[in-house]
Amino acid sequence: MNSFPHQLIYQQNGSPNGPVSPVHSPTHTPSPPTTSPGQTSPLSYPVSHGVPAIYSGGNMLFSFQSKLQPKMQSPLNHAFAPHSLLNSGPPGQSLMQQPNITVPQTHTLPVTNTPHWQSQLNYYAICRNSNSPHHHARQAAAAARNSNLGNPGSSAIAITDPNNPNKPPLNGVLSKKEKEVNGEKQDQPFQQWMTIDLGGMGLKNISKELFQYDFLTTLYINHNNLTYISPEISKLRNLTLLDISGNKLSVIPPELGMLTSLRELLLFDNLLVNIPFELGTLYQLETLGLEGNVGLNDAIKSILQKDGTASVIQFLRDNCQVPPRPIERDWIMLENEAGGDRDTFTLLCYNILCEKYATTQLYGYTPLWALDWDYRKELIVSEVLSYNADIVCLQEVDTSQYDEYFKDTFHNHGGYDSVYWPKSRAKTMADWEKKSVDGCATFYKSSKYQLIDKQLIEFNQVALQRPDFKKTDDMFNRVITKDNIAVITLLENKETLSRVIVVNCHIHWDPTYADVKLVQVAMLMDELDKLAQKWCTNNSPYNYTSPQKISTIICGDFNSTPDSGVYEFLTRGIIRQDHDDFGDHSTNTLSVTGLLGGIDKEYLTKMVGFPNAHFPSDHVVILAEFRVKPPQPIPQQPQFGLSSNGLQRRFNGSQLGSRRYGCNNG
């Protein structure tokens, strides 16, 4: 670890004690509006009270500055006029440059009497009293010294995060944690300190090396002579408290909006006039300290005085300029020679984020207008239709939205017929209630395929019918309470008469139920085996006399990471008995000839998370092209289901798993 020149560990007497290392690209979706509708309705934030908790990880991606230019086309006849509070400056700069910005003055009490403003003034007074060198570090040392009077063996006190819910370290040493490296668990030491106090030092510049310490949760650079903050501060993604008060800053970098774990951002006593709209992504912010900036824009100050920090963040978020759209995703060719249109087909998989789940509580960084279902549903349809896939598998499709919108829209504009089932809970609900239940929908080109058969797999019902599950009460109870499903269709190519089994599933979401996810996938494979046996026939040019001869594609949202048992099972066909989450793979009927590449990395580094103006879901589309191989001899008999050596399943085909991009979940 690189050393840092400032002393960060203090003896009990407060004296320093040495330095411490501190995308084939079919036509993409239309562009969103270049300016937001500027909604300013009140928004309720899930703000916690008392001591702020530490938020670490889960927040990806970087700055807002972009080299890409926005396209001016509006999506699907949405017309958003420029908002009066926005200017046309380049992306990534403060948009609040106009001196005549005002907001409606609807309050009746003097602003100085509002609880929000009194809290601001109280915090301001405390901050002004912290202008001595290393004020916070010395306070922590004094507090630790007093608390350790009965423990003379403790001679050095680490300056730790005051918000850290964990116990303070003993002699600056924390316990160890386990990390798996190459399949083996190794002890790894915890980071021993997470706070840096450089306050009251009269500093004129801050080295960029400081911003390499991305483990920091608290940073004090208050009461110095700083006139500039580098955009590279956006690398400190784990910060919950940032104090830049008492400097000479006239602007702050818009990249501060990437620090989405912030609970306190203190900017007291600077020279700020405007606040970048990009700070609207700080959806967890509880305190925004702005008093003492005498030239501060009246609009921001008025909102802060009247309604507090949450309303300021809402105002900035919903009025922020739309960033430039990403470049088109590449199409990656995996085989130079394809078999022609007769032998190939494309399949698209997409979790569209149903309306009821798209809330500001879960996606507080997304503008309200970009979360609106009327905006998102048209963007979803536009994107899906632009790829013109032969088969489309969607998850999180509301029953009412399927019946009233998606079914007819995809049929009329894309030539798709479809199969849909909602989750199991719909069976227990009244007709008006079940309309909001989401499920899985499979669409297929009616000009190319005919539906031979379809089947719904309800995992809780399958578990009820299996006597082996009832032998383990805990697992049985964990599985039957989850109403996840899979929709299985058997499609036949009208021209070639080749058949393909398409599985569209949505596995349970909760990370603490990794065992349930694995069991659901194992049950899916077992049921798939039974259906494949049922669908065998010799009345076909492909002579489907064995399940291994029928092409099978398993796609959906598996809510699983690459190190999970689900991923290992599906990709390798077998799972170790000792896998933390708790079979043999043949691909003789299909080959992958191409797939849709990832989203532009430059774009991703500037986004807090999805959904946003360009991507209407917290997942992204995945798309692949397959070629049907001529029939081949079967080397051995298939083995399915559960065996003494672990979960095994031999099958033909491929898996497509939905990928999530977001600030909350990976």
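Residues numbered from 1 in each chain as written. Predicted model: local features only at pLDDT ≥ 70, side-chain atom pairs only at ≥ 80, totals over all residues. Heavy atoms only, no water.

For clarity, the threshold we go by: UniProt positions are given in the numbering used here, feature names are shortened, and annotations may be inferred rather than shown by experiment.
An unreviewed UniProt entry lists the protein under the name poly(A)-specific ribonuclease, with Rhizophagus clarus given as the organism. For the record of the protein, the UniProt heading Catalytic activity (unreviewed entry) holds the text "Exonucleolytic cleavage of poly(A) to 5'-AMP." Heading Sequence similarities (unreviewed entry) of the UniProt record for the protein holds this comment: "Belongs to the CCR4/nocturin family."

Brief notes about the packing of helix H6 (residues 373-387) against helix H7 (residues 399-414)
Our working rule: Only C-alpha atoms enter the line fits that serve as axes; for helices the fit covers just the stretch in contact. Angles between N-to-C directions range over 0 to 180 degrees. Going along the chain from the N terminus, every DSSP run of H or I of four or more residues is numbered as a helix, and every run of E of two or more is numbered as a strand. Definitions for this section: a left-handed crossing has its near helix turned counterclockwise from the far helix by less than a right angle. A right-handed crossing has that turn clockwise. Any two residues whose heavy atoms approach within 4.5 Å at even a single point are treated as in contact. Each residue receives one of three labels: charged for Asp, Glu, Lys and Arg, nonpolar for Ala, Val, Leu, Ile, Met, Phe, Trp, Tyr, Cys and Pro, and polar for the others, Gly being one of them.
Two elements in contact, H6 and H7, have axes separated by 11 Å at closest approach and are oriented at 35°. Note that H6 runs across H7; the crossing there is right-handed. In this structure, H6 contributes Trp 373, Lys 377, Glu 378, Ile 380, Val 381, Val 384 and Leu 385 to the contact, and H7 contributes Gln 401, Tyr 405, Phe 406, Thr 409, Phe 410, His 413 and Gly 414. Class assignment of the residues belonging to the contact of H6 with H7 gives a composition of eight nonpolar, four polar and two charged.

Quick notes on the sheet that holds strand S9 (residues 287-289)
For the record, the criterion: Pairing between strands is defined by DSSP: at least two bridges between the two strands are required.
Read across the open sheet, the five strands follow the order S5-S6-S7-S8-S9; overall the sheet is parallel. The open sheet terminates on both sides in strands that have one partner only, identified here as strand S5 (195-197) and S9. Averaged over all pairs of adjacent strands, the angle between strand axes in this sheet comes to 5°, irrespective of strand direction. Here three bridges tie strand S8 (residues 264-266) to S9, and the two strands are oriented parallel to one another.

Some words on the sheet that holds strand S13 (residues 416-422)
If you walk across this open sheet you meet the seven strands as S10-S19-S21-S11-S12-S14-S13, and the pairing is mixed. Lying at the two open borders of the sheet, with one neighbouring strand each, are strand S10 (331-333) and S13. With strand direction ignored, the average angle separating the axes of adjacent strands in the sheet is 25°. Here strand S11 (residues 344-351) runs beside strand S21 (residues 622-628); their pairing, made up of six bridges, is antiparallel. Each bridged residue has a counterpart across the sheet, and for Leu 348 the counterpart in S21 is Leu 623. The strands touched by H6 within the sheet are S11, strand S12 (391-398), S13, strand S19 (590-596) and S21, with S11 carrying the most contacts at an inclination of about 165°. Contacts between H7 and the sheet are confined to S12, S13 and strand S14 (438-445), with S13 contributing the most and set at about 165° to the helix.

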